[in-house]
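Per-entry structural report
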Amino acid sequence: MSRILIASLLGLMLAAPSPALAADAGSEPIRVGSKKFTESVVLGELLAHLLRASGAKALHRAELGGSRVLWNALQGGEIDAYPEYTGTIRLELLGGRDDLDEAGLYTALRALGIEMSRPLGFNNTYALGLLEARAEELGLTRVSELVAHPALRLGFTSEFMDREDGWPGLRDAYALPQRNVRGLDHDLAYRGLAGGSIDVTDLYSTDADIRYYGLRVLADDRQYFPLYNAVVLYRSDLAERAPAAVRMLRKLEGAISAEAMTRMNARAKIDRVPEEQVAAEFAETLLKRPVERRRRGSWIDSLLQHSAEHLGLVGISLGAAIVLAVPLGIAAAHYARFGQVILALTGVIQTIPSLALLVFMIPLLGIGAPPAVAALFLYSLLPIVRNTYTGLHDIPIGLRESAEALGLAPLARLRSVELPMASRSILAGIKTSAVINIGTATLGALIGAGGYGQPILTGIRLDDTALILQGAVPAAALALVVQGGFELAERGLVPRGLRLPRSE
Amino acid sequence: MLELRGVSKRYASLEAVRPTDLRVPRGETTVLIGASGSGKSTLLRMIVGLVLPDSGSVSIDGEQLCADNLRALRHRMGYVIQDGGLFPHLDGRSNVALLARHLGWDEPRIEARLRALTELTRLPVDALDRFPSQLSGGQCQRVSLMRALMLDPDMLLLDEPLGALDALIRAELQEDLVEIFRELGKTVVMVTHDIGEAAFFGDHIVLLHDGAILQRGSMQQLIDSPADPFVTRFIRAQRRPILGPSARDAGDA
């Protein structure tokens, strides 16, 4: 506990130059991205290993989000390469271009400044699957047979739920009658199947979980799903910047069979071997020479890193919010019309779901810490503006008029009378913002901002409770420490006269 | 000389003050009396600039109150409200010295003034170190009076200064206030609804009703030659309980 406290304090002091924000500085490493499922992370690590083996510097920004986030980050130049699937490119990213043959695909991508490797050697298609026993009991082997079982509970990844090549198209193609359909995390879906809370889920055909959970994959008897050949997408300018690195990346073309990929997924997901190590072993087999292994930090190192990232997100966003929100609250209290507008506006921001607000920031600010800080900043405004406004507004009229009648200048009134009297309320607003901010900042990991959300996210993906706790416990502890800190600060900042019980 | 010329104030449909003229003689105490809603407080708040009249003007020694000179003129007025209006986050000393500090007085000058004022208002010295929530009602009013007198203003404006006090403390403070007013010789304008208090303080009494001045003069003049039947009704309503049933008979006769 005291370590966390010290780490938190250190983090607060170091909040500004946090590593999350400084990551892009230095001699421009090649940045590889990956989506937030195991296979993508393994491939991302593999790309990073190969790049390093070519003599380049490489950085893997793992688990950045879904296809859209990675695609936008690649186009925006925030990452240089990431693993993708041809079906996803055709139908989802280019918006329904299943008319494109392979040559057409290269041309279409090149027009966007993006190059595509040749297929890596395996097709990771979507499929529907259910527990073997349940499939036997219902006599299911093909997707078209689902028509006869309208009461089945379906659980799909959120992405599958609204992708061009996902559930809406599948439902129409097979005229499926099921209405009990839920969106959930891919890794949680397997646990949902095993636990009996859903019957059918979408699978990636190279998932190790298929064998681990004993699932039956239903045949796509109307050939609805296209080919999802794994490829590497990289920016066209990378070929000019680092030709040797690109040549190395292309060594993966045709090098990974479906069995090899499924085996790697199983090693990472089922045997809990770190993705970095799984990828290193494959790279060594491929290159027939050892690759540079990264030193694995202790849990205390990663705790410190996540603490620094988290405190950076919270400290900067909250600090900026205080600087803006207190004056806004003061203005709102002095100009009624303006006050209504400001309170309504900040109130509306508060109603945007935090996840959505984070994602809205991506087109504006890219991925990583900046969009997370911006979203947290916007979230922190309302409690502070509202409490500043309320604190000032609730000063009894007699006292406000006494200060005015005394002949104090407006600024002197604000500084010597109004703000001190409102200090308790303002401080409470800042405290509320801080506590909400600390919790919400864990979502920052979804868009590559790091922080305590990172171990939580990875822990969910790997079904690793200890890892989840490594994020959840410090986040909760930090919220408590900050709350306690504010209660102490109240003694220093709220004038003594306002803390006295009435004597009569 | 304080002079209000043709001032009026309307709040939506309520005519708080009808066009009114009032001259307040220098160095004497003028009491504005009336029932609640009669416009007496609004009139006082116009003098200190908390209410801007819809029409007419307020002038002090010929200088007309406006946005530019408001703060300077306020430094020449002391304003005390019913429950003192002391700032709860400041102790007595800081409440009294707040304005002087902002005006850049040095500490010795402030201390000397505080000493003189505690003596004048008969406030126990240690009360200055306490916060308003630790002071009795009477002590609050004495501190508030000190705050109003800090810059040695020409005028004192008091809005029901004794209204929130219980009878004994009220009587004691009344005596002290009269003595202070006499000693300082300042122009005092006091608002009250209490006819006894008006008689006690007032060299001049101004009786307001429905936003207009009904009569002005000494208490004796108001009793002996009322300008309107309401004047007699207003005075008698407050005297009746003290005089008892026999007075009612006498009054009705």
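Computed from a predicted structure; not experimentally measured.

With 21 residues of chain A at the contact, the number on the chain B side is 21 residues. Secondary-structure elements contributing two or more residues to the side of chain A that touches chain B are helix 20 (397-405), helix 21 (410-440) and helix 24 (496-499) of chain A. Of the residues in the side of chain A that touches chain B, the class split is 12 nonpolar, six polar and three charged.

Grouped together as the largest cluster of nonpolar side chains are 197 residues, with contacts concentrated most on A:Leu47, A:Ala81, A:Leu249, A:Ala372 and B:Leu157. Looking at which element gives the most residues to this core, the answer is helix 19 (residues 369-393) of chain A, with 13 residues. Excluding residues within four positions of it along the chain, B:Leu157 makes contact with B:Leu44, B:Ile47, B:Val48, B:Met77, B:Gly78, B:Tyr79 and B:Val189.

We now examine the sheet that holds strand 5 (residues 126-131) of chain A. Residue and element names in this part refer to chain A. Ordered by their spatial adjacency, five strands build an open sheet running 7-6-8-5-9, and the pairing between neighbours is mixed. Unpaired on one side and paired on the other, strand 7 (181-183) and strand 9 (215-218) mark the two borders of the sheet. Taking each pair of neighbouring strands and ignoring which way they run, the sheet shows an average axis angle of 35 degrees. Where strand 5 and strand 8 (residues 200-204) come together, four bridges link them in antiparallel fashion. Its bridge partner being in strand 8, Ala127 is matched across the sheet by Leu203.

In this section: helix 22 (residues 453-462) of chain A. Residues and elements named next belong to chain A. Among the 10 residues that make up helix 22, seven are buried, leaving the element largely enclosed by the rest of the structure. Looking at helix 22, one finds that the buried residues are Gly453, Gln454, Pro455, Ile456, Leu457, Thr458 and Arg461. Where helix 22 is buried, its residues meet helix 3 (38-53), strand 2 (58-65), helix 10 (186-195), helix 16 (299-334) and helix 23 (465-493). Asp463, located one to two residues past helix 22, shows a positive phi value of around 55 degrees.

This next bit is on the confidence of the model for chain A. Averaged over all residues, the pLDDT of chain A equals 88, while 93% of them reach at least 70. This model gives residues 1-26 of chain A a pLDDT under 50, and the stretch forms 37 contacts once residues within four places in sequence are excluded.

Another aspect to go through is the environment of A:Gly444. Residue and element names in this part refer to chain A. Locating Gly444 in the fold gives a position in the loop between helix 21 and helix 22. Assessed through the 30 C-beta atoms surrounding it within 10 Å, Gly444 is described here as buried. Separated by 249 residues in the primary sequence, Gly444 and Gly195 place their C-alpha atoms 29 Å from one another. When sequence neighbours within four positions are dropped, the list of residues in contact with Gly444 reads Leu313, Ala372, Ala449, Gly451 and Gly453.

It is worth spelling out the confidence of the model for chain B at this point. All names here are of chain B. Here chain B shows a mean pLDDT of 88. Residues at 70 or above account for 94%. Confidence scores differ between elements of chain B, with helix 10 (residues 245-252) showing the lowest mean pLDDT of 46 and helix 3 (residues 92-102) the highest of 95. Taken together, the stretch residues 247-253 has pLDDT below 50 and engages in four contacts with residues farther than four places along the chain or on a different chain. Reported confidences for the modelled complex are a pTM of 0.78 and an ipTM of 0.88.

What follows concerns the packing of helix 17 (residues 336-351) of chain A against helix 19 of chain A. Residues and elements named next belong to chain A. The N-to-C vectors of helix 17 and helix 19 enclose an angle of 145 degrees; their axes lie 8 Å apart at closest approach. Where helix 17 crosses over helix 19, the handedness of that crossing is left-handed. Contacts between helix 17 and helix 19 involve Gly339, Ile342, Leu343, Thr346, Gly347, Ile349 and Gln350 from the first element and Leu378, Tyr379, Leu381, Leu382, Val385, Arg386 and Tyr389 from the second. For the contact of helix 17 with helix 19, the residue count by class is nine nonpolar, four polar and one charged.

The next point concerns the pairing of strand 10 (residues 230-235) of chain A. All names here are of chain A. Most of strand 10 sits out of view: six of its six residues are buried. Side-chain alternation along strand 10 places Ala230, Val232 and Tyr234 on one buried face and Val231, Leu233 and Arg235 on a second face that is also buried. Sheet analysis places strand 4 (residues 114-116) next to strand 10, joined by three bridges and oriented antiparallel. The residue bridging Met116 from the neighbouring strand is Leu233, located in strand 10.

Residues and elements named next belong to chain A. Their axes nearest at 9 Å, the elements helix 21 and helix 23 cross at an angle of 170 degrees. Regarding the angle of helix 21 to helix 23, the classification is roughly antiparallel. Contact residues: helix 21 offers Ser423, Arg424, Leu427, Lys431, Ala434, Val435, Ile438 and Gly439, while helix 23 offers Ala475, Leu478, Ala479, Val482, Gln483, Phe486, Ala489, Glu490 and Leu493.

Residue and element names in this part refer to chain B. If you walk across this open sheet you meet the six strands as 6-7-8-3-9-10, and the pairing is mixed. The sheet terminates laterally at strand 6 (77-80) and strand 10 (212-217), the two strands that pair on one side only. Ignoring strand direction, the axes of neighbouring strands in this sheet form an average angle of 15 degrees. Relative to strand 9 (residues 204-209), strand 3 (residues 29-33) runs parallel, the two sharing four bridges. Note on strand 9: the bridge partner recorded for Thr30 is His204. Across the sheet, helix 5 (residues 137-149) lies against strand 6 and strand 7 (155-159), angled at about 160 degrees from strand 6, the strand it touches most.

Conventions used here
Residue indices follow the written sequence of each chain, beginning from 1 at its first position. Throughout, the order in which chains and ligands are written sets their labels, letters from A for the former and numbers from 1 for the latter. A pLDDT threshold of at least 70 governs which residues receive local features in this predicted model, and a stricter bar of 80 or more applies before side-chain atom pairs are shown or counted, although totals over entire chains, interfaces and linings include all residues. In this description, a residue-residue contact is defined by the distance between C-beta atoms placed from the backbone, which must lie within 7 Å. A run of H or I in DSSP becomes a helix once it reaches four residues, and a run of E becomes a strand once it reaches two; helices and strands are each numbered from the N terminus. Polarity classes work like this: nonpolar for Ala, Val, Leu, Ile, Met, Phe, Trp, Tyr, Cys and Pro, charged for Asp, Glu, Lys and Arg, and polar for all others, with Gly in that last group. Residues of type Ala, Val, Leu, Ile, Met, Phe, Trp, Tyr and Cys that are buried and joined through C-beta atoms within 7 Å form what is called a nonpolar core. The exposure label follows from counting other C-beta atoms within 10 Å of a residue's C-beta, where the C-beta atoms are placed from the backbone and the thresholds are 20 or more for buried and 12 or fewer for exposed, leaving partly exposed in between. DSSP-based pairing: two strands are paired if at least 2 bridges between them are found. Between the N-to-C directions of two axes lies an angle of 0 to 180 degrees, each axis being a line fitted to C-alpha atoms and, for a helix, fitted only over the stretch in contact. As a per-residue measure, pLDDT reflects the predictor's confidence and takes values from 0 up to 100. Handedness of a crossing is defined here by the sense of rotation of the near helix relative to the far one, left-handed for an anticlockwise turn of less than a right angle and right-handed for a clockwise turn. Here roughly perpendicular refers to angles of 65 to 115 degrees, roughly parallel to angles under 35, roughly antiparallel to angles over 145, and oblique to all remaining angles.

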